[in-house]
Amino acid sequence: MLSSLELSPPTFYSPDKTAMPQEFTYNFDTLAFKGSATVNTGLFIGGKWVDPVEGGTLDVINPATGQLITTIAAGSAKDIDIAVAIAKKAYKTSWGMKCPGAERGKMLNKLADLMEENLDEFGALEALDCGKVFMRAKMMDIVGAAACIRYYAGWADKIQGKTLESNDKKFAYTRHEPFGVVGQIVPWNFPMGMTAWKIGPALATGNTIILKPSEMTPLTALKLAGLINQAGFPPGVVNIINGLGPVVGQAISEHPLIEKVAFTGSTLTGRKVLKAAAESNLKDVTLELGGKSPTIIFDDADLEQAVKWASFGIFYNMGQACTAGSRIFVQEGIYEKFKEAFTAVAKHLGENTGDPFHPSSQHGPQVSQTQFERVMGYINSGKEAGAKVLIGGERHGNEGYFIQPTVFTDTTPDMKIIKEEIFGPVASIIKFKDEEEVIERANDTTYGLGCNVFTQNVTRAIRVAHELEAGSAWVNCAQASDPTVPFGGYKQSGIGRELGEYAIATYTQVKGVHINMGTRL
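These notes cover the structure that comes with them. (Residues numbered from 1 in each chain as written. Predicted model: local features only at pLDDT ≥ 70, side-chain atom pairs only at ≥ 80, totals over all residues. Heavy atoms only, no water.)

**What about the overall build of the protein?**
Note the threshold: Helix numbering and strand numbering both begin at the N terminus, where a helix is a DSSP run of H or I of at least 4 residues and a strand a DSSP run of E of at least 2. The size measure is the radius of gyration over C-alpha atoms, and the globule rule it meets is 2.2 Å times the number of residues to the 0.38 power. A 1.4 Å probe rolled over the protein chains alone gives each residue an accessible area, and that area as a share of the maximum for its type sets the label: buried under 20%, exposed over 50%, partly exposed in between.
When its secondary structure is counted, the protein shows 15 helices and 25 strands. The C-alpha radius of gyration computed for the protein amounts to 24 Å, which stays within 12% of the reference 24 Å derived for 521 residues, consistent with globular compactness. Counting only C-alpha atoms, the protein reaches 75 × 70 × 40 Å along its principal axes. Classification of the 521 residues of the protein by burial places 58% in the buried group.

This is the structure we're talking about:
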């Protein structure tokens, strides 16, 4: 897959005099895609590409090879201060209530158009720094992100309040007003998808944005930043600041002029965001955090479909999904048949693991060396605890961060691989006897993000979906999110909701207005 790198002349210098290219071009000469993609590697503030105040850089690594892709600017708290001031000015002068919803909708639609026009480039960049299989990155992640932006374009002129009955001497109504400047912190596993989930409703409702992409997978966010002006957004409405979580993410979380923060990532980091928000200005917080999702397959399920969906539910994106169905509960009547068929799917994926830009590849690498080691640590923990490895359990190849799709059986509820989020291609198949038992075992977790139920009995499907303690329940499918349907967690899987009309509510504040029409003192 090796492709050439081309850097523009080193016109970009940080204050510490370290040269860094302003633009980066990657030439793809692969079987799946031939072409080039160019991004600016600086900070996008006030509609311009700028140097970080304090200098500093971040390396972006190709997870398929472990080699350097490029170097990007790294921001600091000082850059966040500048961006917030500019975003606040934009909110007061050219955005928010100063820009009609219909106009905001036009800009969002234009942005979606531009994303679709650059579909190949976005897909290639997403595959490059994430390790996603190119065609899936293109046709699922990027197409889905554009669709999400377009969905919220339709909401922009439909933000409305209510008139309220009180008495004949009062006229009362509500307004749903934007917060102003909001901060958004995006994870590394679905960079463009999660960016769309966040900026879509925030812009539709009239907020200005300070967005931090993941330091590991920033390339598509930088590509998107290059389209913001072209889409017509006024300067300062969207600001994208690269940087480390403990630096830029912390600065966003505790900034006194940022009125809301939305974060997707680990539960551990979510706690830190919530703490910083509470100890600064009590900003509004939306958190979408970890998961340990159960997949429940009853005897009467369509076995072939259940196997396909369950494998997609755990191995999609190399298991790097917060709703990954890593605990697969199978009723005893079909347990052996399911285990055999599921293992065959894992074997097939293992045989087609490799270069994300090869047409035959169906399974890519983990995103980083750190994640690779973390997942291998869980696999080794399962082996040491006595779980049986049906297939996989080892590194794939000698280059990059590839892990074989892995399936465990003979687990116990106290094992780490059953209790903790692995965030890798690791499934455990667990036999169960009846509905009451499996509901109790499925709910035995501190998480509650998603769940999957497979049965042809519609009454049971609805009953079990209602009993499971999770924010999303998929029946006879898995990981099938939709921009029209709310997404978020129960328990320690998060606070608030993204997607659908519910996300609109999380980016507005409700004001009650009371007008005296005759009461005199």
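From this point, the narrative continues.
**Thoughts on the environment of Leu58**
Quick reminder of the rule: Between two residues, a contact is recorded if the distance between any of their heavy atoms is within 4.5 Å.
Of note, Leu58 is situated in strand S8 (residues 57–62). Residues Leu58 and Ile72, spaced 14 residues apart in sequence, show a C-alpha to C-alpha distance of 5.3 Å. In contact with Leu58, not counting residues within four places along its chain, are Thr70, Thr71, Ile72, Ala73, Ala74, Glu215, Gly243 and Leu244.

**Side note on the nonpolar core**
Worth spelling out the cut-off: Among buried residues, those of type Ala, Val, Leu, Ile, Met, Phe, Trp, Tyr and Cys that are joined through side-chain atoms within 4.5 Å constitute a nonpolar core.
Among the nonpolar cores identified, the biggest contains 60 residues, and Leu111, Met115, Ile149, Tyr152, Ile199, Leu203 and Phe233 are the most heavily contacted of them. Secondary-structure elements contributing two or more residues to this core are helix H2 (101–117), helix H3 (119–130), helix H4 (134–153), helix H5 (191–204), strand S13 (208–212), helix H6 (219–228), strand S14 (238–240) and helix H15 (500–506). The leading source of residues in this core is H5, at eight residues. Apart from residues lying up to four places away in sequence, Met115 is in contact with Phe122, Ala145, Ala146, Ile149, Met192, Leu224 and Leu227. Counting residues in each nonpolar core, the second largest holds 27 residues, with Ile296, Tyr401, Ile418 and Val438 among its members.

**With respect to the pattern of salt bridges**
Oppositely charged side chains may form a pair once their charged atoms are brought near each other. Just so we agree on the cut-off: Salt-bridge detection follows one rule: a side-chain nitrogen of Lys or Arg within 4 Å of a carboxyl oxygen of Asp or Glu.
Summed over all chains, the structure comprises 25 salt bridges. For Lys275, the salt bridge is made with Glu279, and the minimal N-O distance between the two is 3.1 Å. Placement of both Lys275 and Glu279 in helix H8 (residues 267–279) is noted, with a separation of four residues, approximately one turn of the helix. For Glu279, a relative accessible area of 59% corresponds to the exposed category. A salt bridge links Glu435 to Arg463; the shortest N-O distance between them is 2.7 Å. With a gap of 28 residues between them, Glu435 in helix H13 (residues 435–442) and Arg463 in helix H14 (residues 458–467) connect regions that are remote in the sequence. Judged by its relative accessible area of 19%, Glu435 is buried. Each of Asp113, Glu116 and Arg150 takes part in salt bridges that share partners, so that together they form one network.

Honestly, it's all geometry; don't read function into it.
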